[in-house]
Amino acid sequence: MKNNHNSSNQALPKSAKQRLYRVGAGWTLVAAFEAIAYVILALAIVKQESPMSVIIAAGIAVAVTIFVTRSGFLSGARLAGDLYSALGQSLSSAKLAWFNEKHRTQVTQLAERGIPGFMAIPAHQLQTFLHAPLLPIFLVIGIGIVGGLNLAIFSAVLLSMSLWIQYKAQQRLSSSDSDRHKADDQATQSTLELIDHLDLLRSTAGPAGSLERIELNWTAQEKVYSKINRAASMATLVSTFATILPLAGVTTYLVYTSTTQPLLILALLILITRSSAPLSELALSGFAINDVKASIKNYHQLTQVPVLSEPHKDVAKEPKHNNLNVNNVSYLDILKSVSAQINAGETVVINGPSGGGKSTLLGLLMRFDDPSRGTVSIGDIDMKTIKYKNLTQHIAYVAQDPIVFTGTLAENIRLGNPNASDQEVESFAKLAQLEDVIGRSEQGIHQTVGQRGTALSGGERQRVAIARALIKQAPVVIFDEATSALDQDTERQIAKHIKSLNSTVIVVTHREAAIWHPSIELTVKNQRVIAKQHRTESQYSETSAVNTQPA
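For clarity, every value in this text was computed on a predicted model and none was experimentally measured. (Residues numbered from 1 in each chain as written. Predicted model: local features only at pLDDT ≥ 70, side-chain atom pairs only at ≥ 80, totals over all residues. Heavy atoms only, no water.)

(A) Representation of the overall build of the protein. On a plain count of helices and strands, the protein comes out with 18 helices and eleven strands. Considering the protein as a whole, with its 551 residues, one finds that 46% of them fall into the buried category. By sequence separation, contacts in the protein at least 24 residues apart represent 76% of the contacts at least 6 residues apart. (Helix = DSSP H or I, 4+ residues; strand = E, 2+ residues; numbered from the N terminus. Buried < 20%, exposed > 50% of the residue type's maximum accessible area, 1.4 Å probe, protein only. Contact = heavy atoms within 4.5 Å.)

(B) Fine view of the pairing of strand β7 (residues 476-480). The buried count for β7 comes to five of five residues, which makes it a mostly enclosed element. Here β7 shows two buried faces, one formed by Val476, Ile478 and Asp480 and the other by Val477 and Phe479. As paired strands, strand β6 (residues 395-398) and β7 are joined by four bridges and run parallel to one another. Along β7, the bridge assignment pairs Ala396 with Val477. Across five bridges, the pairing between β7 and strand β8 (residues 504-508) is parallel. (Pairing = 2+ DSSP bridges.)

(C) Seen up close, the pairing of strand β3 (residues 347-351). Among the five residues of β3, five are classified as buried, and the element is accordingly described as predominantly covered. Examined bridge by bridge, β3 and β8 share four bridges and lie parallel to one another. Paired with Val348 across the two strands is Ile506, which belongs to β8. Strand direction decides the pairing type here: β3 and strand β9 (residues 520-525), joined by four bridges, are parallel. Bridge pairing links Asn351 to Thr523 in β9.

(D) Examining empty space enclosed by the protein more closely. Across all of its chains, the model carries two cavities of 30 Å³ or more by this definition. The calculated volume of the largest cavity comes to roughly 50 Å³. In terms of lining residues, the largest cavity is bounded by Leu364, Arg367, Asp369, Asp370, Pro371, Thr375, Val376, Asp382, Met383 and Lys384. Among the residues making up the lining of the largest cavity, the classes are represented as four nonpolar, one polar and five charged. (1 Å grid on protein atoms, 1.4 Å probe; cavity = no way out; pocket = protein on both sides within 12 Å on 5 of 7 lines; lining within 4 Å. Points joined across faces, edges and corners; volume = space filled by probe spheres on them. Nonpolar A, V, L, I, M, F, W, Y, C, P; charged D, E, K, R; others polar.)

(E) Examining the UniProt feature "transmembrane region" (unreviewed entry) in the protein more closely. If you check UniProt for "transmembrane region" (unreviewed entry), the listed places come out as residues 20-46, 53-73, 137-165 and 231-256 in our numbering. Between the end C-alpha atoms of residues 20-46 the distance is 39 Å, and the span holds 100% helix and 0% strand. Secondary structure across residues 53-73 divides into 100% helix and 0% strand, with the first and last C-alpha atoms of the span separated by 30 Å. (UniProt positions renumbered as here; feature names shortened; annotations may be inferred.)

(F) Here's a closer look at the nonpolar core. Ile413, Leu434, Ile466, Phe479 and Trp516 are the most contacted members of the largest nonpolar core, which totals 38 residues. Mapped by element, the contributors of at least two residues to this core are β6, α14 (409-413), α15 (422-431), α16 (435-439), α17 (458-472), β7, α18 (488-499) and β8. Counting residues per element, this core draws most heavily on α17, at seven residues. Setting aside anything within four residues of it in sequence, one finds Trp516 in contact with Thr347, Val349, Thr483, Glu491, Ala495, Ile498, Lys499, Val505 and Val507. Core analysis: the next-biggest nonpolar cluster, separate from the first, contains 31 residues, Leu335, Ile378, Ile395 and Ile520 among them. (Core = buried A, V, L, I, M, F, W, Y, C linked by side-chain atoms within 4.5 Å.)

(G) Spatial organisation of the environment of Trp516. For Trp516, the location among the structural elements is in the loop between β8 and β9. For the pair Trp516 and Ile498, spaced 18 residues apart in sequence, the C-alpha to C-alpha distance is 8.9 Å. At 3.1 Å, the side chain of Trp516 and the side chain of Glu491 are in polar contact. (Polar contact = N/O pair within 3.5 Å; in protein donor to acceptor, adjacent residues only side chain to side chain.)

(H) The arrangement of the confidence of the model for the protein in detail. With 86% of its residues at a pLDDT of 70 or more, the protein has an overall mean of 82. Below pLDDT 50 for its whole length, residues 1-10 participates in seven contacts with residues either more than four positions away or in separate chains. The model gives residues 536-551 a pLDDT under 50, and that stretch makes 34 contacts with residues more than four places away or in other chains. (pLDDT = per-residue confidence, 0-100.)

(I) Structural view of the sheet that holds strand β2 (residues 335-342). The strand order across the open sheet built from four strands is β2-β1-β4-β5, with neighbouring strands paired in antiparallel fashion. Looking at the sheet topology across the chains shown, the edges are occupied by β2 and β5 (381-382). Here strand β1 (residues 324-331) pairs with β2 via five bridges, running antiparallel. Bridge assignment links Val329 to a residue of β2, and that residue is Val338. Contacts from helix α12 (residues 358-365) reach β1, β2 and β4 (373-378), with the element oriented near 125 degrees to β1. (Axes fitted to C-alpha atoms, helices over the stretch in contact; angles between N-to-C directions.)

In structure tokens:
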């Protein structure tokens, strides 16, 4: 447990930890100044002194509290900024092969709930975990000053018992709350699945059936929260008892010792009441503890993601040409001893059974991950010795289910080339067969495409992604089922234009490969790659069978 805490602590940015330390010191001062103000009040009551000293002490305590609270809120906002920045830096350098549904859900939970929850730590949770236990400690000293050492020791014992009872109650509450974050993650994952695939779920299972999977997780989440509510009710009851224990104990002590000074009794009851009051703030702190622990755990995992190694600037290389070479590559249990040569300007079609490794091969060609063994090179330079930002300049990529961002048509296409003019954007949009989309609005390329492209059909989103890739004018263009939603005539027009670019074109398709006039056909099957050389428009002849022997 200690190691987990330390590793999580190390995951926080240095600036974030410094902010927490400063605000934590501030809440310690708040507890000290508030205790001093109450002790001065008690002494003033006992000695019947002028209230001026009490007013001054209370004013100072209030001023310090306001200052620290304000600093807590400001630090919370800056803390969130630090954490978002560090998370962004981590994700920007993460292996793209690392992203899956589980990690996507984690990122969503952390970004939407975890990091915003961190904002409450400086202003609220540090107050609970520092001010609440420290104030009674300081006030016990005050009780000793006002009522004597024996009463101070007795009060300390009572407060310790109260704190121990609170701790045990929170331990039970924390235990009952342990399944909450798992249930929340599963519900979030099901919600994302429903949102992303509502059309498929509804068309296959109907309106009621489309909710079946998410309702199972909602039901499980409901049961977890019911369990937590029962535990919280018991924790609140025990907490109430723990809170009144010191006051009842001191009152009994004063009666037992026959204390007859009304003003002294009043002063001591004020001090012990204020001493026990902060302990009630710990009543439901088990939730906050679990939230913080879960968020720190997620944050640590998401800022310690596997990354692609970057070459030092002294050894970084730049390819002189765009020949791609896969040399004796193995990757997990998906590809074994694969070799392939793709010369600049060639058109390559990759096919094979679903799940056979086509997308994995593409990912290695774009360095979404590094092979377990062997090398992938461009221009006879191992991709691992090329700066990633330089490598991306050589490759344009279009996925089967492309991302279209909320905004305008032009903004989405211009992602491929931020410096492109409106004329260039429109030209490449038309090359991607988007004339009909441009023409249906007076705003042309500046029309909005809806929330995440909802104003576009599936085929139109694919054409937007193709235009985005074309405008980049990269020497290597990769299509991963990027025309699956297009009719054959549209696909043929796009293929014809791409062929005229003299770029290296790599296409994964289940359709007729002849549309692309490939020079090479790569079949990925049984962890191997078989290459066929295209010789004529109507004939493929197998020229090599690579990796036909077991590794």
